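# Understanding the architecture of this molecule
Residues per chain, in single letters:
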Amino acid sequence: MSGNRMQRRLWYAVGGVLIVAFLIYGASSFKSNLTAYVSFDQAMATGHKVQVAGSLVEGSTRWLEDSQELAFTMVDENGVRLPVVYSGTKPGNFEEATQIVAIGSSRDGVFHAEQLLVKCPSKYQGIEGSEDGSEA
Amino acid sequence: MYLPGTALLWIAFLFGLGSTVAYALSLRGDAWRKPARQAYVLMTLATIVASGLLMYLLLTHDYRLFYVTAYSDNSLPLNYLISTFWAGQEGSFLLWVLCSSILGLFLIRFSRYYESRVMIFYNLTVLSLIMLLVRQDPFRFHEGLTAGMIPMDGQGLNPLLQNPWMVIHPPVMFLGYAATAIPFAFALAALWMRKYDEWTKATLPWVLLSLITLGAAIMLGGYWAYETLGWGGYWGWDPVENASLVPWLFTAALAHGMLLQRGRKRFRKTNLILAISGYMFVVYATFLTRSGVLADFSVHSFVDLGITGWLVFNMAFFTLVSLFLLALRWREIPGEEGDEPFLSRTVFFVIGIILLAALGIMVTLGTSSPLITRLWMEKPAQVGPDFYNRVGLPLAIVLGFFIGVIPFLAWKGTIASARKRLVGILAAVAVLVAVAVALGVRRPVDVVYVAAAVFAMLSNGWEVLVRIRRGQWRGAGAYVTHLGLGIMLLAFLTAGLYGKSEKIRLTRDEPTEVLGYTLTFKGVEKPTPDARDAMVVEVSTPRGRQFVLRPKMWVNRKSNQLVANPDIKNFLTTDLYVAPVEFNPAEEAPVSGSVTLTRGQSQAFKDWTLTFEGFDLSRQDAVPGAITVGVLVKLERPGEPPVELEPSIVSTDQGVQAVAVDIPGTSGGKIRVGGMNASAGIVRLELLGLGGGIARHVRVHTGEFLAYRGVKITFDGFDMSGFDPEAGKIDFDIPFTVEAGGETTKIVQHVRGGTVSGPVTIPGSGGMTLEVGRIDAEGGSVEVLLFDPDMAPAPPKPESLVLDVSTKPLISLVWLGTLLALLGMFMALFLRRRDVASIPVGGDE
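Predicted model, so just to flag it, every value in this text is computed and none were measured.

## Some remarks on the overall build of chain A
For chain A, the helix and strand inventory stands at 2 helices and 8 strands. Starting at the N terminus and walking to the C terminus, you meet the elements of chain A as α-β-α-β-β-β-β-β-β-β. The buried share of chain A, reckoned over its 136 residues, is 38%. The contacts in chain A between residues at least 6 apart in sequence include a share of 44% that link residues at least 24 apart.

## Quick look at the overall build of chain B
From N to C terminus, chain B includes 18 helices and 32 strands. Against the compact-globule benchmark of 28 Å for 845 residues, chain B has a radius of gyration of 37 Å, which places it well outside the compact range. Here the C-alpha coordinates of chain B stretch approximately 115 × 75 × 60 Å along the principal axes. Per-residue burial over chain B gives 44% buried out of 845 residues. The contacts in chain B between residues at least 6 apart in sequence include a share of 65% that link residues at least 24 apart.

## Considering the packing of helix α5 (residues 89–110) of chain B against helix α7 (residues 164–193) of chain B
All names here are of chain B. Interaxial distance between α5 and α7 falls to 8 Å at its minimum, and their mutual angle equals 50°. Relative to α7, the element α5 is oriented oblique. Handedness of the α5/α7 crossing: right-handed. Along its contact with α5, which presents S92, L95, W96, C99, S100, L103 and L107, the element α7 presents P170, P171, F174, L175, Y177, A178, A179, A181 and I182. Of the residues contributing to the contact of α5 with α7, the split by class is 14 nonpolar, 2 polar and no charged.

## A closer look at the nonpolar core
Residues A185, F186, L490 and A491 of chain B are the most contacted members of the largest nonpolar core, which totals 206 residues. A185 of chain B has contacts with V118, F121 and Y122 of chain B, leaving out every residue within four places of it along the chain. Judged by nonpolar contacts, the second largest core, of 21 residues, contains F72, L82, Y86 and L116 of chain A.

## Some words on helix α8 (residues 198–228) of chain B
All names here are of chain B. Here α8 contains 31 residues, and its C-alpha end-to-end distance of 46 Å stays within 8% of the 45 Å for a straight helix at 1.5 Å per residue. At L204, α8 is deflected by roughly 40°, the largest bend along its length, and proline P205 occurs up to four residues later in sequence. With 26 of 31 residues buried, α8 is to be regarded as a mostly interior element. Just past α8, the residue G230 takes up positive phi, approximately 85°.

## Regarding the domain arrangement of chain B
For chain B, the domain assignment lists domain 1 (1–157), domain 2 (167–337), domain 3 (425–577 + 808–845), domain 4 (591–688) and domain 5 (694–788). A C-alpha centroid distance of 26 Å is found between domain 2 of chain B and domain 3 of chain B.

## A short note on the environment of M457 of chain B
Residues and elements named next belong to chain B. Tracing the backbone shows M457 in helix α16 (residues 444–469). On the neighbour-count criterion, M457 (28 C-beta atoms within 10 Å) is buried. Measuring from C-alpha to C-alpha, the distance between M457 and I694 comes to 68 Å, with 237 residues separating the pair along the chain. Beyond its immediate chain neighbours, meaning those up to four positions away, M457 contacts L483, G486, I487 and L490.

## Description of the sheet that holds strand β31 (residues 781–788) of chain B
Strand order in the open sheet made by the 4 strands is β21-β31-β30-β29 (chain B), with antiparallel pairing throughout. A strand with exactly one partner marks an edge of an open sheet, and here the two such strands are β21 (693–701) and β29 (760–761) of chain B.

## Section: the sheet that holds strand β18 (residues 661–662) of chain B
All names here are of chain B. Judged by pairing direction, the sheet is antiparallel, and its 4 strands sit side by side in the order β11-β20-β19-β18 without closing on themselves. Two strands bound the open sheet, and with one partner strand each, they are β11 (591–598) and β18. In the sheet, strand β19 (residues 670–677) pairs with strand β20 (residues 682–688) via 7 bridges, with the strands oriented antiparallel. Bridge pairing in β20 links G675 to R684.

What counts and what doesn't
Residues numbered from 1 in each chain as written. Chains lettered and ligands numbered in written order. Predicted model: local features only at pLDDT ≥ 70, side-chain atom pairs only at ≥ 80, totals over all residues. Helix = DSSP H or I, 4+ residues; strand = E, 2+ residues; numbered from the N terminus. Buried ≥ 20, exposed ≤ 12 C-beta atoms within 10 Å, placed from the backbone. Contact = placed C-beta atoms within 7 Å. Rg over C-alpha atoms; globule rule 2.2 N^0.38 Å. Axes fitted to C-alpha atoms, helices over the stretch in contact; angles between N-to-C directions. Parallel < 35°, antiparallel > 145°, perpendicular 65-115°, else oblique. Left-handed = near helix turned anticlockwise from the far one by under 90°. Nonpolar A, V, L, I, M, F, W, Y, C, P; charged D, E, K, R; others polar. Core = buried A, V, L, I, M, F, W, Y, C linked by C-beta atoms within 7 Å. Expected span 1.5 Å × (residues − 1). Bend = angle between axes of the 7 residues up to and from the residue. Domains from an automatic or database assignment. Pairing = 2+ DSSP bridges.

Shown next, in the form of structure tokens:
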């Protein structure tokens, strides 16, 4: 019996260490994956992955043939503009969006978006209402 | 508001309240039970009728109601019209209430002597939902509605929801949500009644039911996203998706915890907590997705929809009740005792349950990150999908191994007789892993992952076969489910990480090779005016198979929204996924020149002679629903027989279009009607693609010049000598100094009454003409167009289509695995429902 108990204590210790290690791993993953909401100026200043929100400048959407990317300009509530390129699939209701959230990082004066979230005018869309354009 | 509907909701609320009170009273005297049941049934009936009414109002397009106008319109086909019931918040809550109340009928039937207390708590959950409906009434009219203001048509259903999956996914999801309330109610009742062991027997079938419905709903959502939405995946770790996954994980942990409790009398407290948490997470998830706290972080949730206060109250109320009961009974709950060795089913169950719960907690934390980070960051932040993948991967590996090992373990130790089987299976795993590495799995983490998944599949697959051969198929449920899960785990990796993706532009009729397949774009197809534009793409595989894919891009007229749908070809080992990105219509060849003719007149262009012979109104059925006017033109060229061509003008509701006709004997040459005056009998014909084009199109300021092929044109500045607005004269001249062919001349363009004179031939330039475009009088500049007839014609651009092409290896296994997992759960449900019969019906309250 006591042999078993020792064995059990050993396994509990191992399990405990594993769980703590996992928690630490989880916490660091959490922190490193946090993408903060920043203003356009801050986004252009840093090279980190951030989120920016704004609306689409009408008529600024165009398709860049050579790099196969979607290019457009966002404008925030203060009128500051941000040039964005995005190589994923264009979200369905892109041009009608009241607000766009772009997640990515800036490089060479242009914001490279990895993910685009498109906010639609006030309708509740149900469970799978819309999609986000994103790369796998 | 639409009185009958709203009244019915109030009636349902009152009956629900009455039922709750009656059940509470039935604890004192059994006589109250019958009225309690009756009240419940009446509440359900009221809900059913209210739902029927809403459906009726939607189907008959009663636009007095705000809800009907907001989510439906006259053009929706029947199945989508039905699904508008749950397209909006109020309707989806009504659907939830409907599912809950009907499910409760079965709960009354099968809860044995737990009935009174279970129903008190269950009723409370249903009432909490009806209260939301009372607050946001689906039957309300538009504000300030008068008779004259009833809309004629609705705003329509979001085009992304116009999809067969919209008809099935939400109802199953709400059924799943409703089902999670049942273990919750049982747990609270068990605490109250001090039945810390028996309640699992009564509840396990319901737990399985929630797993089946929620699980099916989640995968249906994933399949919908994959098949319809065009971003190539089936799971995005979006808050709404996570909101349904977390309760499922906790419920799965609960199912295993209950088995552990029955087998080894462990986890009594944990199971109670898990059962309560399952439903509490459903409520929390509802809060997250409908209160607007995540509005900036998800495509699914939007601005505050007005019920945040109620949702917070809901959460607080149920949490407090649960905590109270738990605290009350905590010390009474018998503790655990047991001494199992490490290699026993018990220990693996314990760790497995902890891991499932840990995954649930991790996903919750990730989803709530905007809320959490508000505490220490000034602006909230969110975690990306990478977080979930990273955290989930090690957990999935461990769970995979556990699932594989379980068939070899009994509650108290290993099964000696199975040792040989284990060796055999491990050998097979090694072989398959080697195959996987050969096929491209390289990262060590992925190799271990594949090993775990394959181990789970083989081990459980074998166990299933053994049991079926022994005729014990009813007990094989768990193994069938685990087999399905192992398959899914494998497919998650291959489809997600090992697919290849490429974006290409397909020019019409030009075969292009992508990812080993040959694709040819054959044009756009629109079989009926209402159909969605389908891009026809012919595909041939390296093995010679040929098929046609039809991805779609269409504009929803109501919202002017461009929607893209992918098309998928399922092969055994992979899927070919094609999503349209952009479509460029064909561009005509540029205009080479134009001639204006009256009837019978001839004119030369290059070496052709064109004669306008007359109009032709005889071919009215050339285009259905349109007026076609043909223009008969005879073309003669020296050395060739004359040819008669008939370009035409087609007039439809959408506008007027000129139809060009090919000129035989040329490559790409066409003739088109540029304009006509039928009463005067004059027609202007444009010739396309015959060479020549605008060589230069520039803006020049005073004194600037443009030079092209020996011709130099200098803009001398506006000549405003005739300009006297007060005298009513607004004419001016635009003079140019032109040097060509060694000679210098002056060409003056006149602006009379706002109209600029037409193109002027430049002498000595070989037929070039000078034309003036936009004028900027203030800035002192003018646009100059220089036409060169000898310029090589730009070839007409054919239509082209940009596609996102990707392969999804083994993705069909995701769906196959899901079906197996669901089948196994059904089998388990079948087995466990018998246990309920062993619990007495009445007495012993």
